[in-house]
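Next come the chains, spelled out residue by residue.
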Amino acid sequence: MSELVSIVHSWQDLIAGGLAVLAAIGGAILLNRQIRQTEKHEQSRLSRRFNAARATLPLTLSGLCAYATSMMDELSQIRSVFNHVGDDQMPPRFNPPPPPVELVSSLQEVIEATNRDNVIDIISEIIGEMQVLSGRVAMLNDETQNRHVVGLAQNVDEYMLQAARIYALASSLFEFARREDEMGPTEVSWENVLSGLNLMHIRDGQFPDLFRIIERRSARKNTVWQLSDD
């Protein structure tokens, strides 16, 4: 009888152990399913967020091109007359467009929503260029009132070139923004800058020094931006 009881207890222990194993396996399966479901919901949320940011990107890029064009219009007026103003005359006042804070916010939303390094890189480049340009032109009115500022014409050429870079960088993202290209550009060339200058009605004959700067720099490197291999 005691032997039978021992066998029953052994089977009970075996069954209990088996049930514990099955419970552990079932719990692991359930946990894994919950993790996959959570990941699926998170991916869906990120996808919706990215699509929302991408949907407004064409408008943001158009705004950036308009900002660059307005800046170029003001700078070109200063540059075109600066060397022709008489000693008793003052250059025109410089009225730069205000920094497009709302556009920068939209760009930041795209950065936060995408995992494409090239898109993030270009947008970061645009934001940096705008910040630098805004700071550089802040004192331009004071400088233009002083006819003895050394290298002012060359400085304005650099500012114009920076506005053209912003235009070219923003334009390079239009195909991606419009879903015509899913990957985005990997480089922006000096040809893109020249195309932007043409669209902004800046001609070689009017501003030869500006185009000479571009010619020299494009001879050293044919891109103004390129995705890093790092």
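The preceding data block contains the structure.
Summary of the structure given here. Computed from a predicted model, the values in this text were never measured in an experiment.

### Considerations on the pattern of salt bridges
Moving on, step 1. This structure, assessed with the given rule, holds eight salt bridges.
Moving on, step 2. In this structure, the salt-bridge partner of Arg79 is Asp157, at a minimum N-O distance of 2.9 Å. Of this pair, Arg79 sits in helix α1 (residues 2-82) while Asp157 sits in helix α5 (residues 152-171), and the two are 78 residues apart along the sequence.
Moving on, step 3. Arg79 sits in the buried class, given a relative accessible area of 9%.
Moving on, step 4. Across the pair Arg165 and Glu129 runs a salt bridge, and its minimum N-O distance is 2.3 Å. In this pair, Arg165 sits in helix α5 while Glu129 sits in helix α3 (residues 117-137), placing the two residues 36 residues apart along the sequence.
Moving on, step 5. When its relative accessible area of 14% is taken as the criterion, Arg165 is described as buried.
Moving on, step 6. A residue is classified by how much of its surface remains accessible, and Glu129, at 11% relative accessible area, is buried.
Moving on, step 7. Taken together, the shared-partner salt bridges connect Arg79, Asp157, Asp209 and Arg212 into one network.

### A look at the packing of α5 against helix α7 (residues 190-199)
Moving on, step 1. Relative to each other, α5 and α7 sit at 105 degrees, their axes nearing to 8 Å. In terms of axis orientation, α5 runs roughly perpendicular to α7. Mapping the contact onto sequence places Leu161, Ala164, Tyr167 and Ala168 in α5 and Trp190, Asn192, Val193, Gly196, Leu197 and Leu199 in α7.
Moving on, step 2. Its residues assigned to classes, the contact of α5 with α7 comprises eight nonpolar, two polar and no charged.

### Regarding the nonpolar core
Within soluble globular proteins, side chains that are nonpolar tend to cluster in buried spots.
Moving on, step 1. In this structure, Leu75, Ile126, Val193, Leu197 and Ile202 are the most contacted members of the largest nonpolar core, which totals 56 residues.
Moving on, step 2. At the level of elements, α1, α2 (101-113), α3, α5, α6 (174-177), α7, α8 (208-220) and β2 (223-226) are the ones that each hand at least two residues to this core.
Moving on, step 3. Aside from chain neighbours lying at most four places away, what touches Ile126 is Leu64, Leu107, Ile166, Leu169, Ala170 and Leu173.

### Some words on unusual backbone geometry
Moving on, step 1. Positive phi outside glycine occurs at Arg179, with the angle close to 65 degrees.
Moving on, step 2. Position of Arg179 relative to the elements: it lies in the loop between α6 and β1 (187-189).

### Comments concerning α7
Moving on, step 1. Buried residues of α7: Trp190, Val193, Gly196 and Leu197, and no others. Projected down its long axis, α7 carries its buried residues within an arc of 110 degrees, all on one side. Exposed side chains of α7 directed beyond 90 degrees from the buried face belong to Glu191 and Leu199.
Moving on, step 2. The N-terminus of α7 is capped by Ser189, whose side-chain oxygen sits 3.2 Å from the backbone nitrogen of Glu191.
Moving on, step 3. One or two positions beyond α7, positive phi appears at His201, with a value near 65 degrees.

### Some thoughts on the packing of α7 against α8
Moving on, step 1. At a closest axis distance of 10 Å, the pairing of α7 and α8 adopts a crossing angle of 165 degrees. When the axes of α7 and α8 are compared, the pair comes out roughly antiparallel. The two elements α7 and α8 meet at a crossing, and its hand is left-handed. The residues of α8 that touch α7, namely those facing Trp190, Val193, Leu194 and Leu197, are Leu210, Phe211, Ile214, Arg217 and Ser218.
Moving on, step 2. Of the residues assigned to the contact of α7 with α8, the class counts are seven nonpolar, one polar and one charged.

### Examining the environment of Trp190
Moving on, step 1. Take Trp190: it is sitting in helix α7.
Moving on, step 2. Trp190 sits in the buried class, given a relative accessible area of 8%.
Moving on, step 3. C-alpha of Trp190 to C-alpha of Ala219: the two residues are 29 residues apart in sequence and 9.8 Å apart in space.
Moving on, step 4. Ignoring sequence-local partners within four residues, the contact set of Trp190 consists of Leu161, Ile214, Arg217, Ser218, Lys221, Asn222, Thr223 and Val224.

Definitions and cut-offs
The numbering scheme is per chain: residues are counted from 1 as the chain's sequence reads. For a predicted model such as this one, the threshold for reporting local features is a pLDDT of at least 70, and the threshold for listing and counting side-chain atom pairs is 80 or more; totals across whole chains, interfaces and linings nevertheless cover every residue. To get the side-chain values, take all heavy atoms of the structure and skip hydrogens and water. Take a side-chain nitrogen of Lys or Arg and a carboxyl oxygen of Asp or Glu: if they are within 4 Å of each other, that pair is a salt bridge. For the purposes of this entry, the term helix denotes a DSSP run of H or I that reaches at least four residues, the term strand denotes a run of E that reaches at least two, and both are numbered from the N terminus. With a 1.4 Å probe rolled over the protein chains alone, any residue whose accessible area is under 20% of its type maximum counts as buried; one over 50% counts as exposed, and the rest are partly exposed. Note on method: axes are straight lines fitted to C-alpha atoms, helices fitted across the in-contact stretch only, with angles between N-to-C directions ranging 0 to 180 degrees. Just so you know how the angles are binned, under 35 degrees is roughly parallel, over 145 roughly antiparallel, 65 to 115 roughly perpendicular, and the rest oblique. When checking whether two residues touch, look at their non-hydrogen atoms; a contact exists if any pair is within 4.5 Å. Gly is put with the polar residues, along with every residue not named as nonpolar or charged; the nonpolar set is Ala, Val, Leu, Ile, Met, Phe, Trp, Tyr, Cys and Pro, and the charged set is Asp, Glu, Lys and Arg. Think of a nonpolar core as a cluster: buried Ala, Val, Leu, Ile, Met, Phe, Trp, Tyr and Cys residues, connected wherever their side-chain atoms sit within 4.5 Å. Arc definition: directions from the helix axis to the C-beta atoms. In protein, a polar contact requires one atom able to donate a hydrogen and another able to accept it; more generally it is a pair of N or O atoms within 3.5 Å, and residues adjacent in sequence count only if both atoms are side-chain atoms. What makes a crossing left-handed is the near helix being turned counterclockwise from the far one by less than a right angle; a clockwise turn instead makes it right-handed.

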